[in-house]
Amino acid sequence: MNNSTFSFQTLTPELILDSLAAIGIYVDSGLTALNSYENRVYQFSDENRTRYVVKYYRPHRWNRSQIIEEHQFTQQLSQADISVIAPLVINNSSVHEYQGYLFALFPSVGARQYETDNLEQFDSIATMLGRIHQIGAKQPFEHRPTIGLQEYLYQPQEILLSNAIIPNKIQIELKIILRDLIKTVEQHWHNDWQPIRLHADCHPGNILWRDKAILVDFDDARNGPAIQDIWMLLNGDQQQQRIQLSSFIELYEEFFLFDNNQLKLIEPLRAMRIVHHLAWIIQRWQDPAFPRAFPWLTDIDFWQQQLKQFNQQIEAIKAPPLQLLSIM
């Protein structure tokens, strides 16, 4: 496999079975593909009817040292009795390699999807993130990156403006509006925050519920500001978000002090996520899973709506940032 290979075409069922057998795990039933675009993830039961999830990392995205850091972080959290799904250690390692693929084995945990309008679940994740950030602040990642404009805006800008997927009629306007969006983010972005180890993709889809919140999929873990793990959990209008955020921070601060200055990063981070996500899809377009999952990417109507969203985000960044109720 080379750096331009984005598909998992050589990851056949036979290779999966052989790779698991190489670490002493023998599939008896299942091998059901789970929802994952960036990596390939399968659930199965072994000969002892123990249920597992195996994850094959996309080649050339993370190196072994970066994956080990992700695993060490989740293992630290798990050892602190925080509900995360840490990889299993087999033959003194949590990262295994077979025919060029790095992979890891996890226990399969049955749980329900997180409910965004459930106050009990919201409070649970607030407490959990306070504990996670308390541990995450003890030391930064050494091998994983830190959230910044280069990875989330400048590189995605190059990808968006140098591909043949976006309709020609949109390209000129996209270049202008994207430039304005990036300039606006630059004017409102600041680096006077403590970088801590984060989940970094803490949206409701990565939270499960079984008597308490369970945070899954640390694949995007990196250093960054604490607010990155919080803002995606807020929903509704600005007043509703203020109420949610104030309640969240009250529970969160039982374990980790929140820097209110990070509130001004919410809308810049949202813009960065939008641009980065679009570039990510385009960058992975050679993987057959992506055209199937995102067929609208080549539609002019989608990009016209996207340009409107960029303009709306520019205005959102310029507006006064969200504030806690207690400091209004």
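A short tour of the structure in this document, coming up.

The rules behind these values
- Per chain, residues are indexed from 1 in the order of the written sequence.
- Predicted model: local features are reported for residues with pLDDT of at least 70 only, side-chain atom pairs are reported and counted for 80 or more only, and whole-chain, interface and lining totals are derived from all residues.
- Excluded from the side-chain calculations are hydrogens and water; all other atoms, namely the structure's heavy atoms, are used.
- Helical segments are the DSSP runs of H or I of at least four residues, strand segments are the runs of E of at least two, and each set is numbered from the N terminus.
- In this scheme, a helix's expected span is set at 1.5 Å multiplied by one less than its residue total.
- For every residue, the accessible area (1.4 Å probe, protein chains only) is compared with the maximum for its type, and the residue is labelled buried under 20%, exposed over 50%, or partly exposed between those bounds.
- Residue contacts follow a heavy-atom distance rule, with two residues in contact if any of their heavy atoms lie within 4.5 Å.
- Polar contacts here mean pairs of N or O atoms no more than 3.5 Å apart (in protein, one a potential hydrogen donor and the other a potential acceptor; neighbouring residues in sequence count only if both atoms are side-chain atoms).
- What the bend at a residue measures is the angle between two axes, fitted to the seven residues ending there and to the seven starting there.
- Among the buried residues, those of types Ala, Val, Leu, Ile, Met, Phe, Trp, Tyr and Cys that are joined through side-chain atoms within 4.5 Å form a nonpolar core.
- In this scheme, strands are said to pair when DSSP sees at least two bridges between them.
- Convention adopted: a line fitted to C-alpha atoms gives each axis, helices being fitted over their contacting stretch, and angles between N-to-C directions are expressed from 0 to 180 degrees.

### Digging into helix H6 (residues 238-252)
The first and last C-alpha atoms of H6 sit 20 Å apart over 15 residues, in line with the 21 Å expected at 1.5 Å per residue. Residues Gln241, Arg242, Gln244, Leu245, Ser246, Phe248, Ile249 and Tyr252 constitute the buried set of H6. Of the surrounding secondary structure, the elements contacted by the buried residues of H6 are helix H3 (119-136). N-capping of H6 is provided by Asp237, with a side-chain oxygen placed 3.2 Å from the backbone N of Gln239.

### Observations regarding helix H5 (residues 168-188)
Its 21 residues place the ends of H5 31 Å apart at the C-alpha level, agreeing with the 30 Å of an ideal helix rising 1.5 Å per residue. Of all bends in H5, the biggest is about 30 degrees, found at Leu174. Residues of H5 that are buried include every one of Ile170, Gln171, Leu174, Ile177, Leu178, Leu181, Ile182, Thr184 and Val185, and no others. Buried residues in H5 make contact with helix H4 (149-160), helix H7 (266-283) and helix H9 (300-318).

### A short note on the nonpolar core
In this structure, Phe248 and Phe310 are the most contacted members of the largest nonpolar core, which totals 77 residues. At 11 residues, the largest contribution of residues to this core is made by H7. Residues contacting Phe310, with those up to four places away along its chain left out, are Leu174, Ile177, Leu178, Leu181, Ile274, Val275 and Leu278. Formed by 16 residues, the second largest nonpolar core is a distinct cluster that contains Ile90, Tyr101, Phe103 and Leu105.

### Re the sheet that holds strand E1 (residues 27-33)
The five strands are arranged E1-E2-E3-E5-E4 in an open sheet whose pairing can be described as antiparallel. Edge positions in the sheet fall to E1 and strand E4 (96-98), since each of these pairs with one other strand and no more. Strand-to-strand twist of the sheet, defined as the mean angle between neighbouring strand axes without regard to direction, takes the value 30 degrees. Pairing of strand E2 (residues 40-46) with strand E3 (residues 51-56), which is carried by six bridges, proceeds in the antiparallel orientation. Residue pairing for E3: Tyr42 is matched across the bridge by Val54.

### Some details on the pairing of E2
Burial of E2 is extensive: six of the seven residues sit out of reach of the surface. Where E1 lies against E2, five bridges are found, and the strand directions are antiparallel. Opposite Gly30, over in E2, you have Phe44 as the bridge partner. Between the antiparallel neighbours E2 and E3 lie four residues, among them Arg49 with a positive phi of about 65 degrees.

### Some words on unusual backbone geometry
Leave glycine aside and you will find that most residues have negative phi; peptide bonds, for their part, are mostly trans. A positive phi angle, close to 65 degrees, is found at Asn92, a residue other than glycine. Here Asn92 shows up in the loop between helix H2 (64-79) and E4. Residues other than glycine seldom take positive phi values, yet Ala200 does so here, at roughly 80 degrees. Here Ala200 is to be found in the loop between strand E7 (196-198) and strand E8 (207-209).

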